[in-house]
Amino acid sequence: TGTMLRITVNGAERLVAAGTPVGALLEGADALGSAIARNREVVPRSQWGEVLLAEGDAIEVVRPTQGG
């Protein structure tokens, strides 16, 4: 098996495979209108496939909500 990395996503610990891009945290409809910050820096959507997760990363995923 490959190396696993311990990261935090929205405050919850998670294990991901080494070499995982930040964009893999969002799939399909979840990605629409969403934003990803890695260690308090927003990752531009154009780089979601290029920026790889690293051990200890703190990821915040912000999704749009409905209602008011």
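Note that this is a predicted model, so its numbers are computed, not measured.

Caption draft 1: View of unusual backbone geometry. Non-glycine residue N10 carries a positive phi angle of around 50°. Mapping N10 onto the fold places it in the loop between β1 (4-9) and β2 (12-17). With relative accessibility at 37%, the residue N10 sits in the partly exposed group. Backbone geometry places N39, a non-glycine residue, at a positive phi of 50°. Within the secondary structure layout, N39 lies in the loop between β3 (35-38) and β4 (41-43).

Caption draft 2: Representation of the pattern of salt bridges. Tallied over the full model, the rule gives two salt bridges. R6 is the salt-bridge partner of E13, the closest N and O atoms lying 2.8 Å from each other. Taking relative accessible area as the criterion, R6 reaches 42% and is therefore assigned partly exposed. Ionic pairing is found between D57 and R38, a salt bridge with its closest N-O pair at 2.7 Å. In this pair, D57 is assigned in the loop between β4 and β5 (58-62) and R38 in strand β3, connecting sequence segments 19 residues apart.

Caption draft 3: Summary view of the confidence of the model for the protein chain. Here the protein chain shows a mean pLDDT of 90. Residues at 70 or above account for 91%. Mean pLDDT across the secondary structure elements of the protein chain bottoms out at β5, with 95, and peaks at β1, with 97.

Caption draft 4: Molecular detail of the nonpolar core. Counting residues in hydrophobic clusters, the biggest one holds 15 residues, and the most contacted among them are I7, V22, L25, W48, L53 and I59. Elements that contribute at least two residues to this core include exactly β1 and β5. In terms of residue count, β1 provides more of this core than any other element does, three residues in total. If we skip the residues at most four places from it in the chain, I7 touches A12, E13, R14, V16, L25, L53, A54, D57 and I59.

Each value, and the rule that gives it
- Residues numbered from 1 in each chain as written.
- Predicted model: local features only at pLDDT ≥ 70, side-chain atom pairs only at ≥ 80, totals over all residues.
- Heavy atoms only, no water.
- Helix = DSSP H or I, 4+ residues; strand = E, 2+ residues; numbered from the N terminus.
- Buried < 20%, exposed > 50% of the residue type's maximum accessible area, 1.4 Å probe, protein only.
- Salt bridge = Lys/Arg side-chain N within 4 Å of Asp/Glu carboxyl O.
- pLDDT = per-residue confidence, 0-100.
- Core = buried A, V, L, I, M, F, W, Y, C linked by side-chain atoms within 4.5 Å.
- Contact = heavy atoms within 4.5 Å.

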